[in-house]
Amino acid sequence: MRIRKNNDDIEEKDIEMIARVSDALAHPVRLKLFRYIMQCNKSMQTVCNKDLVANFDYAQATISQHMKKLAESGLIQVNKKEKFSYYYANLGILMQYINTTKKYSVI
């Protein structure tokens, strides 16, 4: 028996985006880093590697690994300037994630 495709089925690209962003937000350290970057961006402050190391009690290597995961998810945009990486919250991806999860949530 074949199962027909339902027009309301979640699209593959949406599934991948939800999984990627959920995975990035699934770790408490990444949530703290993302929130800090959002707050700094809101007050028009730039955030670079040294700012994160100075404000969080984690090794630079740990922060770099978490920032890589956030960047891969699209939640963070990275601009490299000389030896520093500057981080900006991508609120467009966050809103897309929220709206897509609402759209496909089952009540």
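For the structure, see preceding data.
Calculation notes
- Residues numbered from 1 in each chain as written.
- Predicted model: local features only at pLDDT ≥ 70, side-chain atom pairs only at ≥ 80, totals over all residues.
- Heavy atoms only, no water.
- Helix = DSSP H or I, 4+ residues; strand = E, 2+ residues; numbered from the N terminus.
- Buried < 20%, exposed > 50% of the residue type's maximum accessible area, 1.4 Å probe, protein only.
- Contact = heavy atoms within 4.5 Å.
- Areas by Shrake-Rupley, 256 points an atom, 1.4 Å probe, with all protein chains shown as cover.
- Pairing = 2+ DSSP bridges.
- Axes fitted to C-alpha atoms, helices over the stretch in contact; angles between N-to-C directions.
- Left-handed = near helix turned anticlockwise from the far one by under 90°.
- Nonpolar A, V, L, I, M, F, W, Y, C, P; charged D, E, K, R; others polar.

Caption draft 1: Region of the structure containing the overall build of the protein chain. Within the protein chain, the regular secondary structure consists of five helices and three strands. Moving toward the C terminus, one meets the helices and strands of the protein chain in the order α-α-β-α-α-β-β-α. Each of the 107 residues in the protein chain was classed as buried or not, and the buried ones make up 33%. Considering only residue pairs separated by 6 or more positions, the protein chain has 58% of its internal contacts joining residues 24 or more positions apart. Here the protein chain has roughly 7,800 Å² of accessible surface; of this, 52% comes from carbon and sulfur atoms.

Caption draft 2: Quick look at the pairing of strand 3 (residues 84-89). The alternating pattern of strand 3 places Ser-85, Tyr-87 and Ala-89 on a buried face and Phe-84, Tyr-86 and Tyr-88 on a face that is not buried. By the bridge criterion, two bridges tie strand 1 (residues 47-48) to strand 3 in an arrangement that is antiparallel. Paired with Val-47 across the two strands is Tyr-87, which belongs to strand 3. Note that strand 2 (residues 76-81) and strand 3 share six bridges and pair antiparallel. In the strand pairing of strand 3, Asn-79 is matched with Tyr-86.

Caption draft 3: Main features of the side chain of Ser-85. Tracing the backbone through its elements, the reader meets Ser-85 in strand 3. By relative accessible area, Ser-85 is classed as buried at 10%. Dropping the residues within four chain positions of it, Ser-85 is found in contact with Val-47, Cys-48, Asn-49, Val-78, Asn-79 and Lys-80.

Caption draft 4: Quick look at the packing of helix 1 (residues 12-25) against helix 5 (residues 91-104). Axis separation between helix 1 and helix 5 bottoms out at 10 Å; the angle between their running directions is 115 degrees. For the pair helix 1 and helix 5, the sense of crossing is left-handed. For the pair formed by helix 1 and helix 5, the contact residues are Asp-14, Met-17, Ile-18, Val-21, Ser-22 and Leu-25 on the first element and Ile-93, Gln-96, Tyr-97, Thr-100, Thr-101 and Tyr-104 on the second. The class makeup of the residues in the contact of helix 1 with helix 5 is seven nonpolar, four polar and one charged.

Caption draft 5: Quick peek at the side chain of Thr-100. In this structure, Thr-100 sits in helix 5. On the basis of relative accessible area, Thr-100 is assigned to the buried category, the value being 8%. Excluding residues that lie within four positions of it along the chain, Thr-100 makes contacts with Asp-14, Met-17 and Ile-18.

Fair warning: the whole summary comes from geometry, so function is off the table for now.
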